[in-house]
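# Fold and geometry: a report
Here are the chains, one letter per residue:
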Amino acid sequence: MPQFVSIRAEKEKAPLLIYLHGGPGDAAFPLVMTYNTMLEQQFTVVIWEQRGAGKSYYKFDGPVTIDIFLNDLYTLVDYLLPRFHQSSVYLVGHSWGSILGLRFVQAYPELVHTYIGCGQVVNMKKSSKSAYEYALAHADKKDLEKLRRIDCSYQTDSWLNDLLFVTRQVVKHKGSLYGRTNYNNLAIPFLLSRYYTLADLIRRQRGSLQAIQYLWQEVMQTNFEAQTQYGAPIIFIEGRYDNHVSSALAKEYFDRIETEKQFYWFEESCHFPQWSESDRFNKLICNLLT
């Protein structure tokens, strides 16, 4: 199926930077265009709407696995490198995209100049438990009763509704988007974007739910803890108050990585440091080249 890719730069021969959106299925083209355009001054910025997501939406038919997305990413990198006469890419992976990003570094370290993870997934079972405990700690009496009936390993027949409910609780209690109890602020760039039609918005909603339904059980098996060496430099950019995908777990894991690495806390961010503190994020990424 065709997949939508945006390639933008302000100067020729700028290093390639590929943005891997979260979700799975949470296409982010208008958000990156709104908050991260400064990156185009220093990089050739590639925004890929992954299969089934946003402008790349189609109805899944048959099995869909993380390996399929990794193969898509390899195909994209394999296309970009010769076109732009480069030998490696900068990869920015957010949330679900951070699973793809680290998996890609594991498989193809020679193709990655630097990997930047934000909202980094390390051990999804531990992270899900942490998010669930955050929801429990902040819930009112009514929500607490419902939460106590939920299995946060998401193995029961009601796993999808349970997952969505816990996520809503984390968002409502300001554990996902810094200082906010909803995602309304993140919806505005989609509504104002000249690149996103109403049909695209509807497809994005369908693609997000579909991707979770098809991929979440495999996502829950993600665990990078056994790997402490990578063949490319690793950078983690983490929101201090991320309770959506635990930034505390990301820091614990980072401390055990034995190869070249950098870590940055963003003190006014939760799960979206690249948008909550976009100026600092953009400058930090651009400074990698100086």
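Refer to the structure above for everything that follows.
Just so it is clear, the model here is predicted, and its values are computed rather than measured. (Residues numbered from 1 in each chain as written. Predicted model: local features only at pLDDT ≥ 70, side-chain atom pairs only at ≥ 80, totals over all residues. Heavy atoms only, no water.)

## Notes on a positive patch on the surface
A cluster of like positive charges, contributed by Lys142, Lys146, Arg149 and Arg168, occupies part of the molecular surface. Here Arg168 shows up in helix α6 (residues 159-172). (Patch = residues over 30% accessible without salt bridge, like charges linked within 9 Å, V, L, I, M, F, W, Y side chains within 5 Å. Areas by Shrake-Rupley, 256 points an atom, 1.4 Å probe, with all protein chains shown as cover. Salt bridge = Lys/Arg side-chain N within 4 Å of Asp/Glu carboxyl O. Lys, Arg positive; Asp, Glu negative; His and termini not counted. Charge placed at Lys NZ, Arg CZ, Asp CG, Glu CD. Helix = DSSP H or I, 4+ residues; strand = E, 2+ residues; numbered from the N terminus.)

## Section: unusual backbone geometry
Residue Pro24 follows Gly23 across a cis peptide bond; omega there is 5 degrees. Relative to the elements of secondary structure, Pro24 occurs in the loop between β2 (16-20) and α1 (29-35). Of note in this structure, Ser95 is not a glycine but carries a positive phi near 60 degrees. Structurally, Ser95 is set in the loop between β4 (89-94) and α3 (96-107). Among the residues examined, Ser95 registers a relative accessible area of 8% and is labelled buried. (Buried < 20%, exposed > 50% of the residue type's maximum accessible area, 1.4 Å probe, protein only.)

## Considering the layout of surface pockets
Considering only enclosed or pocket space, the largest pocket measures out at about 1100 Å³ in volume. Around the largest pocket, the lining comprises 43 residues; the ones closest to its centre are Asp26, Thr167, Tyr183, Ser208 and His244. Looking at the lining of the largest pocket element by element, the count peaks at eight residues for helix α8 (residues 198-219). Tallied by class, the residues present in the lining of the largest pocket amount to 27 nonpolar, 13 polar and three charged. The computed volume of the second largest pocket comes to approximately 160 Å³. (1 Å grid on protein atoms, 1.4 Å probe; cavity = no way out; pocket = protein on both sides within 12 Å on 5 of 7 lines; lining within 4 Å. Points joined across faces, edges and corners; volume = space filled by probe spheres on them. Nonpolar A, V, L, I, M, F, W, Y, C, P; charged D, E, K, R; others polar.)

## Some thoughts on the packing of aromatic side chains
Summed over the entire model, instances satisfying the criterion amount to 17 aromatic pairs. Measuring from centroid to centroid gives 5.2 Å for Phe254 and Phe263, while their planes differ by 55 degrees, and the two rings are tilted. Grouping aromatic residues by their ring pairs yields a cluster made of Phe236, Tyr253, Phe254, Phe263 and Trp265. Here the basic side chain of Lys261 rests over the ring of Phe254, its NZ or CZ set 4.6 Å away from the ring centre. (Phe/Tyr/Trp six-rings, centres within 6.5 Å; stacked < 30°, edge-to-face > 60°. Lys NZ or Arg CZ within 6 Å of the ring centre and 35° of its normal.)

## A look at the side chain of His94
Following the sequence through the fold, His94 ends up in strand β4. Its relative accessible area of 3% is what places His94 among the buried residues. Looking at His94, its side chain comes within polar contact range of the main-chain oxygen of His271, at 2.8 Å. (Polar contact = N/O pair within 3.5 Å; in protein donor to acceptor, adjacent residues only side chain to side chain.)

## Considering the sheet that holds strand β3 (residues 44-48)
Strands sit in the order β1-β3-β2-β4-β5-β6-β7 across an open sheet of seven strands; the sheet is mixed. Only two strands of the sheet have a single partner each, and these edge strands are β1 (5-8) and β7 (261-266). Geometrically, the sheet is characterised by an average inter-axis angle of 15 degrees between neighbouring strands, direction not taken into account. Direction of pairing for β4 relative to strand β5 (residues 112-118): parallel, over a ladder of six bridges. When the sheet's bridge partners are listed, Tyr90 is paired in β5 with Thr114. Packing of helix α9 (residues 247-256) onto the sheet brings it into contact with β6 (234-239) and β7, and relative to β7 it is tilted by some 155 degrees. (Pairing = 2+ DSSP bridges. Axes fitted to C-alpha atoms, helices over the stretch in contact; angles between N-to-C directions. Contact = heavy atoms within 4.5 Å.)

## Points about the side chain of Ser176
Among the secondary structure elements, Ser176 is positioned in the loop between α6 and α7 (184-192). In terms of polar contacts, Ser176 uses its side chain to reach the side chain of Tyr183, at 2.6 Å. One polar contact links Ser176 to His244, side chain to side chain, over a distance of 2.7 Å. Ignoring any residue separated from it by four or fewer positions in sequence, one finds Ser176 in contact with Val170, Val171, Tyr183, His244, Cys270, His271 and Phe272.

## Section: empty space enclosed by the protein
Scanning the entire structure with this criterion turns up one cavity of 30 Å³ or more. A volume near 30 Å³ is recorded for the largest cavity. If you trace the largest cavity, you find it lined by Leu17, Tyr19, Val32, Asn36, Leu39, Val45, Val92 and Phe281.

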